[in-house]
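Listed below, chain by chain, are the residues.
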Amino acid sequence: MEAVVVDFGSKLLKAGPALPEYPPSLIIPTQMKRVPEDDSFDDNSIYEEVTVDPVERGFIKDWDAIEDLLHHVLYTSLGWEIGNEGQILFTDPLLTPKALREHLVQLMFEKFNVSGFYASEQPVLSLYAAGRISGCSVDVGHGKIDIAPVIEGAVHYIASRRFPIGGADLTNLLLQELAKSNPMVNLNLRDVESLKEQFAICADDELAYEKTKVSCPNEKHTLPDGQVITIGRERYAVGEALFRPSILGLEAHGIVEQLVCCISSVSSENHRQLLENTVLCGGTTAMAGFENRFQKEAILSSSAIHPSVVKPPEYMPENLSMYQAWMGGAILAKVVFPQNQHITKADYDENGPAIVHRKCF
């Protein structure tokens, strides 16, 4: 039985057997609906649907919900059998607190009785999926942006940065902009999220963005409830905010300058190796025009060595940026489990949850 690889995101969970030639077999929303117990309400009561977001800004916040979600993923969707559990590899978000890592390994051995466990950091795994062991990972997720230099398979923590903005903040921005131009339309976040994925685009440069404020073609789109919305320049604000965070009300450099600042704190002998092996990952980086704008901004950056984006190998599945860390995990699982580099049940019983810091790095 192949090891299972699980990648928790703030928006989506990616999971599946460690088969690097294929995308994850399961991609589902991380958000869950809380279902009341059968006797907690009757037919005459008013039941208000409650949603739970067990992962916020990349980190697990609700462990009870995560346990329920993992039970569904592993036993119902991926076919594990109680009493015959397999091996599992998790992708760790950048700068995951030690306590969270220990809680996860404890959950897997004590509640799920896994036969083997491993965890590795998402920036490292994203580079593995691009065929690199050194470079810089720029991960624009649903709840955060992580920028992490990786040298010979190890994250350079001092130079790594996490910014608490992501795709969710861009969705809120689009909602605000569309509400201004479509005051008679009742919008909800789910519809706006769909609109963002369909229409959001990055302008070629700052000048091109400014021109959209003067002249930009409008498109009409019918929402699921039948309302008609007009979308024009608003679609450009979403991508522009990544390069000009002032649009979100933040006093911060754009994403390319943030990358350059991170690398500047690394030894200069590594600058070229890191900047010329930049990997873009996370669903937001799949936005139309994003990579071209990133490359254009890179040429204009303050760095003497301009960042250069690494293309994924041709043999990799399409849309790799959407699940790049998962793919790197599938590649790594093919090494650590056959070579017995993982945490076994005996390791856990002898050392407790702290073993994760010694064997998973």
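You'll find the structure just up there.
As the structure is a prediction and not an experimental result, all values here were calculated from the model. Chains are numbered independently. Their residues run from 1 in the order of the written sequence. The predicted origin of the model limits local features to residues at a pLDDT of at least 70 and limits the giving and counting of side-chain atom pairs to 80 or more, whereas totals for whole chains, interfaces and linings rest on all residues. Heavy atoms from the whole structure form the basis of all side-chain values; hydrogens and water molecules are not counted.

Draft legend 1. Layout of helix H8 (residues 255-264). The classification of residues rests on relative accessible area computed with a 1.4 Å probe and restricted to protein chains. Under 20% of the type maximum is buried, over 50% is exposed, and intermediate values are partly exposed. By definition, any uninterrupted DSSP run of H or I lasting at least four residues is a helix, any uninterrupted run of E lasting at least two residues is a strand, and each is numbered from the N terminus. Taking burial as the measure, the ten residues of H8 include seven buried ones, the bulk of the element. Among the residues of H8, those classed as buried are Ile255, Val256, Gln258, Leu259, Val260, Cys262 and Ile263.

Draft legend 2. View of the sheet that holds strand S17 (residues 343-344). A pair of strands is treated as paired once DSSP finds two or more bridges between them. Judged by pairing direction, the sheet is mixed, and its six strands sit side by side in the order S3-S2-S1-S8-S9-S17 without closing on themselves. Across the chains shown, the open sheet's two edge strands, defined by having one partner strand only, are strand S3 (26-29) and S17. With two bridges joining them, strand S9 (residues 116-121) and S17 adopt antiparallel strand pairing. Pairing of Phe117 across the sheet is with Ile343, part of S17.

Draft legend 3. Molecular detail of helix H4 (residues 167-181). An expected span of 1.5 Å times one less than the residue number is assigned to each helix. With 15 residues, H4 should reach 21 Å at 1.5 Å per residue; the first-to-last C-alpha distance of 21 Å fits that figure. If you check which residues of H4 are buried, you get Gly167, Asp169, Leu170, Thr171, Leu173, Leu174, Glu177 and Leu178. Working rule for contacts: check all heavy atoms of both residues, and any pair within 4.5 Å makes them a contact. The inward-facing, buried residues of H4 abut helix H5 (189-199), strand S15 (228-231) and helix H7 (234-243).

Draft legend 4. A look at the environment of Val4. By the secondary structure assignment, Val4 is in strand S1 (residues 4-8). Given a relative accessible area of 4%, Val4 falls into the buried group. A C-alpha to C-alpha distance of 31 Å links Val4 and Glu291, two positions 287 residues apart in sequence. Leaving out residues up to four positions away in the same chain, Val4 has contacts with Gly16, Pro17, Leu74, Leu78, Trp80, Gln87, Ile88 and Leu89.

Draft legend 5. Inspection of the pattern of salt bridges at higher detail. By definition here, a salt bridge exists when the distance from a side-chain nitrogen of Lys or Arg to a carboxyl oxygen of Asp or Glu is within 4 Å. In the structure shown here, the tally under the stated rule is 24 salt bridges. Among the salt bridges present, the one from Lys14 reaches Asp7, with a minimum N-O distance of 3.7 Å. We classify Asp7 as buried; its relative accessible area is 5%. Salt-bridge contacts for Lys11 lead to Glu193; the nearest nitrogen and oxygen are separated by 2.7 Å. Linking Lys11 in the loop between S1 and strand S2 (12-17) with Glu193 in helix H5, this pair joins segments that are 182 residues apart in sequence. Residue Lys11 is classed as partly exposed on the basis of its relative accessible area, which comes to 28%. Glu193 sits in the buried class, given a relative accessible area of 14%. Overlapping salt bridges, with partners in common, bring together Glu206, Glu210, Lys213, Glu240, Arg244, Arg293 and Glu297 in one network.

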